[in-house]
Amino acid sequence: MSTTTTRGIARPTPARTSKARPRQGLGANRTLNFWLFTGPFLIGLVIFVFVPIAWSVWLSFYDARFTVTPSHFAGLDNYRHMLSNSDFTGSLVTFTVFAAFIVPTTWALSLGLALLVHRLHRLRAFFRSVFFLPTACSYVAAALIWKMSLFNGVRFGLANTVVGWFGVDNIAWVSNPSPPWYWLVVVTVRLWLQSGFYMILFLAALQNIPGELYEAAAIDGARRGWQTFRYITLPQLRATSTAVILLLLIAAYQAFDEFYNLITTRATWGQTPLMVLYKTALGASQDYGSGSAGAVILTLLICAVTLFQGRIMGFGRGEEAK
């Protein structure tokens, strides 16, 4: 710092104030940063999601056999063809029943696992990882493990070995529709694959419940266990439960991998809606128009079911309306 002399007295020279320079680099423009980070994702979303959806809807109104650029307008003929297809309509009915069973079962199992892990004071991270680990497994790999090792139709399968201890003959778990033992195989593999993921969602929601609510309930005389679960825990999990059920409903109607790899025959009883669409659009006939129409019908059905379920669960309503 320099000094100046005035009448023999040294005084400091006032420092010069420098003008603030504009910020440079990536932090200078938030809008640019936003598009740099989200632009590639949005481009991929448009190319690989929105464009195929729009193209599928467009194809559903055309006679598109062996081509994806048809010129003959078919109107609603493709929709009539799919709705009159017994394989497709039968699979929709079957998987509506399947969804009505697998959704609440997976919800209850995931919530139960989350409650058990949440109560642990030791090894919580270990059990959380153990239950979540099957989520990383491929549906195809899990289906082959279930088919070849656990529910093999010969005496070497684990399930047949266990029932053999009780004098029961070998059971053809996945190749015989009567009785439909294949549903046991499919349900167990889906529970094993999906429960861990939804357990993590419930566990996060449980950790966000204020402890003061339970303390106030204890002061009011509420007993621990069913009463606190019914009147405190379950209402606090309403939003998470709604999201979990919506995701489970969509996943149930989109089942493909495990059925395709588990069911040894391609009879009607073993076909999912996506398998029927796969056979229609990518099979020998390559009827892309009818396949697209079936995909639109399946999408509308999923939307209708999820909106109905969301209305029952109060999804989208404010707290004052609940």
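Note that the coordinates shown come from a computational prediction; the quantities given were computed from them, not determined experimentally.

### Concerning the overall build of the protein
Piece 1. Scanning the protein from terminus to terminus reveals 13 helices and two strands.
Piece 2. Here the protein, with 322 residues, has 33% of them falling under the buried criterion.
Piece 3. Of the roughly 20400 Å² of accessible surface on the protein, a fraction of 66% belongs to carbon and sulfur atoms.

### What to know about the packing of helix H10 (residues 238–253) against helix H13 (residues 288–313)
Each pair of packed helices can be summarised by the angle the axes make with each other and by the distance between the axes.
Piece 1. Direction vectors running N to C along H10 and H13 enclose 160°, while the axes themselves pass 10 Å from each other. By the angle between their directions, the pair H10 and H13 is classed as roughly antiparallel. Regarding H10 and H13, the two cross each other, and that crossing is right-handed. Residue-level inspection shows Arg238, Ser241, Thr242, Ile245, Leu246, Leu249, Ile250 and Tyr253 of H10 in contact with H13, the latter providing Leu298, Leu301, Ile302, Val305, Thr306, Gln309 and Met313.
Piece 2. Taken together, the residues of the contact of H10 with H13 sort by class into ten nonpolar, four polar and one charged.

### What to know about the environment of Lys147
Piece 1. Assignment of secondary structure puts Lys147 in helix H5 (residues 139–150).
Piece 2. Classification of Lys147 as partly exposed rests on a relative accessible area of 21%.

### Concerning the packing of helix H3 (residues 86–119) against helix H9 (residues 226–236)
Piece 1. At a minimum axis distance of 14 Å, the contact between H3 and H9 shows a crossing angle of 100°. With respect to their mutual orientation, H3 and H9 come out roughly perpendicular. Mapping the contact onto sequence places Trp107, Leu111 and Leu115 in H3 and Phe229, Thr233 and Leu234 in H9.
Piece 2. Class assignment for the residues of the contact of H3 with H9 results in five nonpolar, one polar and no charged.

### Some details on helix H7 (residues 182–207)
Piece 1. For H7, which comprises 26 residues, the first-to-last C-alpha distance of 38 Å matches the rise-based estimate of 38 Å (1.5 Å per residue) to within 8%.
Piece 2. For H7, the principal kink sits at Ser195 and spans about 35°.

### Focus on unusual backbone geometry
Piece 1. The backbone of Phe66 shows a phi angle near 60°, a positive value even though the residue is not glycine.
Piece 2. With respect to the helices, strands and loops of the structure, Phe66 is situated in the loop between helix H1 (30–59) and helix H2 (77–83).
Piece 3. According to the relative accessible area criterion, Phe66 is exposed, its value standing at 56%.
Piece 4. In this model, Leu123 sits at a positive phi of 60°, which is unusual for a non-glycine residue.
Piece 5. Among the structural elements, Leu123 can be located in the loop between H3 and helix H4 (124–132).

### Observations regarding the pattern of salt bridges
Piece 1. All told, the structure shown has five salt bridges when counted by the stated rule.
Piece 2. Close ionic contact of Arg65 with Asp287 constitutes a salt bridge, the shortest N to O distance being 3.4 Å. Note that Arg65 is positioned in the loop between H1 and H2 and Asp287 in the loop between helix H12 (273–282) and H13, a separation of 222 residues in sequence.
Piece 3. Arg65 gets classed as partly exposed once you look at its relative accessible area, which sits at 45%.
Piece 4. The partner of Arg80 in a salt bridge is Asp77, and the shortest N-O contact between them spans 2.6 Å. Of this pair, Arg80 and Asp77 both sit in helix H2, separated by three residues, roughly a single helical turn.
Piece 5. Judged by its relative accessible area of 51%, Arg80 is exposed.
Piece 6. Judged by relative accessible area, Asp77 falls into the partly exposed class, the value being 44%.
Piece 7. A cluster of three or more residues bridged by salt bridges with shared partners is formed by Asp63, Arg65 and Asp287.

### A short note on a nonpolar patch on the surface
Piece 1. Side chains of Ile43, Val46, Ile47, Phe48, Val49, Phe50, Val51, Ile53, Trp55, Val57, Trp58 and Val68 sit close together on the surface and give an oily, nonpolar patch of about 1100 Å² of accessible area.
Piece 2. Tracing the sequence through the fold places Phe50 in helix H1.

### A few points about the side chain of Thr272
Piece 1. On the secondary structure map, Thr272 appears in the loop between helix H11 (257–262) and H12.
Piece 2. Note on Thr272: relative accessible area 0%, which makes it buried.
Piece 3. Those residues in contact with Thr272 that lie beyond four places of it in its chain are Ser91, Phe95, Ala255, Phe256 and Phe259.

### Let's talk about the side chain of Ser91
Piece 1. Of note, Ser91 is situated in helix H3.
Piece 2. Among the residues examined, Ser91 registers a relative accessible area of 2% and is labelled buried.
Piece 3. Beyond its immediate chain neighbours, meaning those up to four positions away, Ser91 contacts Gln271, Thr272, Pro273 and Val276.

### Regarding the packing of aromatic side chains
Piece 1. Here the structure, examined in full by the defined rule, presents 22 aromatic pairs.
Piece 2. When the centroid spacing of 6.3 Å and the interplanar angle of 80° are considered together, the rings of Trp107 and Phe202 count as edge-to-face. Linking Trp107 in helix H3 with Phe202 in helix H7, this pair joins segments that are 95 residues apart in sequence.
Piece 3. Site record: aromatic cluster; members linked through ring pairs are Phe95, Phe98, Tyr182, Trp183 and Phe259.

### Observations concerning the environment of Ala136
Piece 1. With respect to the helices and strands, Ala136 occurs in the loop between H4 and H5.
Piece 2. Sequence spacing of Ala136 and Gly196 is 60 residues, and the spatial spacing of their C-alpha atoms is 9.8 Å.

Calculation criteria
- Residues numbered from 1 in each chain as written.
- Predicted model: local features only at pLDDT ≥ 70, side-chain atom pairs only at ≥ 80, totals over all residues.
- Heavy atoms only, no water.
- Helix = DSSP H or I, 4+ residues; strand = E, 2+ residues; numbered from the N terminus.
- Buried < 20%, exposed > 50% of the residue type's maximum accessible area, 1.4 Å probe, protein only.
- Areas by Shrake-Rupley, 256 points an atom, 1.4 Å probe, with all protein chains shown as cover.
- Axes fitted to C-alpha atoms, helices over the stretch in contact; angles between N-to-C directions.
- Parallel < 35°, antiparallel > 145°, perpendicular 65-115°, else oblique.
- Left-handed = near helix turned anticlockwise from the far one by under 90°.
- Contact = heavy atoms within 4.5 Å.
- Nonpolar A, V, L, I, M, F, W, Y, C, P; charged D, E, K, R; others polar.
- Expected span 1.5 Å × (residues − 1).
- Bend = angle between axes of the 7 residues up to and from the residue.
- Salt bridge = Lys/Arg side-chain N within 4 Å of Asp/Glu carboxyl O.
- Patch = residues over 30% accessible without salt bridge, like charges linked within 9 Å, V, L, I, M, F, W, Y side chains within 5 Å.
- Phe/Tyr/Trp six-rings, centres within 6.5 Å; stacked < 30°, edge-to-face > 60°.

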